[in-house]
Amino acid sequence: MNTGELKERTKQFAHKCVKLSLSLPKTSLGNHIRNQLIRCSTSVAANYRATLLAQTKASFVAKLSIVLEETDETGFWLEFIKDENLLKSSHVVPLKKRLMS
């Protein structure tokens, strides 16, 4: 996969996470998770784009480490949604699998 494909893939993943977030229940917990999932999933895409503009290897590594942290956090919130039965597993599992591939 080249950088352009990964750039598009991370953006599409963020869109899917946003759509999933919007289907969470309108409760205190749902609102909290919605905000967190939107923030970290869109951060994956935005920060991956930033890696492409890195001026040095050290900058690239630093930016990529942020992408990895945000990816892990996105995975956490997807797992949490599933664990709390806030949405059907059939809505969450495909995104989690996509995150892992």
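Below is a summary of the structure that appears in this document.

Calculation rules
Residues numbered from 1 in each chain as written. Predicted model: local features only at pLDDT ≥ 70, side-chain atom pairs only at ≥ 80, totals over all residues. Heavy atoms only, no water. Helix = DSSP H or I, 4+ residues; strand = E, 2+ residues; numbered from the N terminus. Rg over C-alpha atoms; globule rule 2.2 N^0.38 Å. Buried < 20%, exposed > 50% of the residue type's maximum accessible area, 1.4 Å probe, protein only. Contact = heavy atoms within 4.5 Å. Areas by Shrake-Rupley, 256 points an atom, 1.4 Å probe, with all protein chains shown as cover. Lys, Arg positive; Asp, Glu negative; His and termini not counted. Charge placed at Lys NZ, Arg CZ, Asp CG, Glu CD. Expected span 1.5 Å × (residues − 1). Bend = angle between axes of the 7 residues up to and from the residue. Phe/Tyr/Trp six-rings, centres within 6.5 Å; stacked < 30°, edge-to-face > 60°.

Attention shifts here to the overall build of the protein chain. Looking only at helices and strands, the protein chain features four helices and zero strands. Along its sequence from the N terminus, the protein chain presents helices and strands in the succession α-α-α-α. By the compact-globule yardstick of 13 Å for 101 residues, the protein chain fits well, its C-alpha radius of gyration being 14 Å. Out of the 101 residues belonging to the protein chain, those deemed buried represent 31%. Residue pairs at least 24 apart in sequence account for 65% of intrachain contacts in the protein chain once pairs closer than 6 positions are excluded. Put simply, the protein chain shows about 6200 Å² of open surface, and 58% of that area lies on carbon and sulfur atoms. Seen as two clouds, the 16 positive and the 9 negative side-chain charges of the protein chain have centres 8 Å apart.

Attention now moves to helix α2 (residues 28–51). Here α2 is 24 residues long and its end C-alpha atoms lie 35 Å apart, about the 34 Å a rise of 1.5 Å per residue gives. At serine 43, α2 shows its strongest bend, of approximately 25°. Turning to α2, its buried residues are Gly30, Ile33, Arg34, Leu37, Cys40, Ser41, Ser43, Val44, Ala45, Asn47, Tyr48 and Thr51. Of the surrounding secondary structure, the elements contacted by the buried residues of α2 are α1 (3–22) and α3 (57–83).

Further remarks concern unusual backbone geometry. The backbone phi angle of asparagine 85 is positive, close to 55°, even though this residue is not glycine. Within the fold, asparagine 85 resides in the loop between α3 and α4 (89–100). On the accessibility criterion, asparagine 85 (64% relative accessible area) is exposed.

Examined against the element boundaries, serine 43 turns out to sit in helix α2. Judged by relative accessible area, serine 43 falls into the buried class, the value being 14%. Excluding its chain neighbours within four sequence positions, the residues that come into contact with serine 43 are Tyr48 and Glu70.

Applying the stated criterion to the full structure yields three aromatic pairs. Their ring planes at 75° and their centres at 4.8 Å tell us that phenylalanine 76 and tryptophan 77 sit as a pair that is edge-to-face. By relative accessible area, tryptophan 77 is classed as buried at 9%. Note on tryptophan 77 and phenylalanine 80: the rings are 5.7 Å apart at their centroids and 75° apart in plane angle, and the pair reads as edge-to-face.

Attention now goes to the environment of lysine 63. You can see lysine 63 is positioned in helix α3. With 54 residues separating them along the chain, lysine 63 and arginine 9 place their C-alpha atoms 18 Å apart. When near neighbours in sequence (up to four residues on either side) are disregarded, lysine 63 contacts Ala50, Thr51 and Ala54.

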